[in-house]
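Letter by letter, the chains look like this.
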Amino acid sequence: MFTKATAVTAVCLTLACSLPASAQHTSLSPMGPRQIYQTLSEKDYSYGYSVLPGNSIDGIEPVNRYVGWGINYYVLDRYFLRPVAHGYAMMPQFMQDGVGNFFSNLSEINNTVNQLLLGNFAYSATSFARLLINSTIGLLGLFDPASHMGLTQHEMSMNTVLGRYGVNQGEYLMIPFSGPSTERNVHASLADDWYYFALNEPFVTAACYLIHGIHERAQLISQEKFIDDSVDPYAQMRQIYLSYEQGLVDPDSAAKDTKETVDENFLEEVDEN
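Owing to the predicted nature of the structure, the values given are computational and were not obtained by experimental measurement.

### Section: the packing of helix α4 (residues 93-117) against helix α10 (residues 202-218)
- Two elements in contact, α4 and α10, have axes separated by 10 Å at closest approach and are oriented at 120°. Of the possible angle classes, the one that applies to α4 and α10 is oblique. Our pair here, α4 against α10, has a crossing hand that is left-handed. Of α10, the residues touching α4 (which contributes Gln96, Val99, Gly100 and Phe103) are Cys208, Ile211, His212 and His215.
- Counted by class, the contact of α4 with α10 contains four nonpolar, four polar and no charged residues.

### Considering the packing of aromatic side chains
- Under the definition given, this model contains five aromatic pairs.
- With a centroid separation of 5.3 Å and 85° between ring planes, the pair formed by phenylalanine 102 and phenylalanine 103 is classed as edge-to-face.
- A relative accessible area of 8% means that phenylalanine 103 is categorised as buried.
- The interplanar angle of 70° and the centroid separation of 6.3 Å between the aromatic rings of tyrosine 172 and tyrosine 234 together place this pair among those described as edge-to-face. Taken together, the residues span a long stretch of sequence, with tyrosine 172 in strand β3 (residues 172-175) and tyrosine 234 in helix α12 (residues 233-249) at a distance of 62 residues.

### Brief notes about α12
- In a regular helix each residue adds 1.5 Å, so 17 residues correspond to 24 Å; α12 covers 25 Å between its end C-alpha atoms and thus fits that length.
- Burial analysis of α12 places 13 of its 17 residues in the buried class, which makes it a mostly covered element.

### Considerations on α10
- Helix length check: α10 (17 residues) gives 24 Å between terminal C-alpha atoms against 24 Å at 1.5 Å per residue, within 8%.
- Residues of α10 that are buried: Thr205, Cys208, His212, Ile214, His215, Glu216, Arg217 and Ala218.

Calculation criteria
Residues numbered from 1 in each chain as written. Predicted model: local features only at pLDDT ≥ 70, side-chain atom pairs only at ≥ 80, totals over all residues. Heavy atoms only, no water. Axes fitted to C-alpha atoms, helices over the stretch in contact; angles between N-to-C directions. Helix = DSSP H or I, 4+ residues; strand = E, 2+ residues; numbered from the N terminus. Parallel < 35°, antiparallel > 145°, perpendicular 65-115°, else oblique. Left-handed = near helix turned anticlockwise from the far one by under 90°. Contact = heavy atoms within 4.5 Å. Nonpolar A, V, L, I, M, F, W, Y, C, P; charged D, E, K, R; others polar. Phe/Tyr/Trp six-rings, centres within 6.5 Å; stacked < 30°, edge-to-face > 60°. Buried < 20%, exposed > 50% of the residue type's maximum accessible area, 1.4 Å probe, protein only. Expected span 1.5 Å × (residues − 1).

Structure representation (structure tokens):
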């Protein structure tokens, strides 16, 4: 019977026959597929780039730094988001809480499904209960009575779910008009941001995206100096984002230590953006 082991052996023999005579003195035995596998597994596929948290690689750093970061930080944030966020922060607190509660309530659908995918049935049930209570008693999520009932929110993004199933973060991306991301997060966002697509109204979708972005940006006002005063704001944001995401996937990783040295509210907002 033609088995997988037979196929591996045949390939190895073919390679051995095709090698020049000098290759006969190599320490790599053509009859040792395990040795070949070990050699390949130890091969460095970073192509000279520094491997970042979550096995991410910033392979297009010039584009990320001078296009994505340049647009987001030096143009969009400086001349639009920052002044608008500061103005938004002057609104009555109950109004800001209402906006945050509304989008947080929508995310409970994601929390319910994503916790279920990880087998966290209790957390999934809690998220579903919060969705029902806040969508009804809480007037479509504008209020959060579920928290007053002792039902704590258990956030879980599809990005973290994929990470816990072994998917690496992939290429680091600084997306114009959006923010830091990775290949894994781009795919995960297609599932988590369902409500933007479900509206099926471009203007309403754009308005919701804008309002949500302004609200999240306003939560970072107290942390602006942390990035502004850094030696390399781009590298600082990249390290924080990737370390925090990896910390969510593997709480015991080194990313946990990074999280503890930075204001937790800042890291949570970076993750949501």
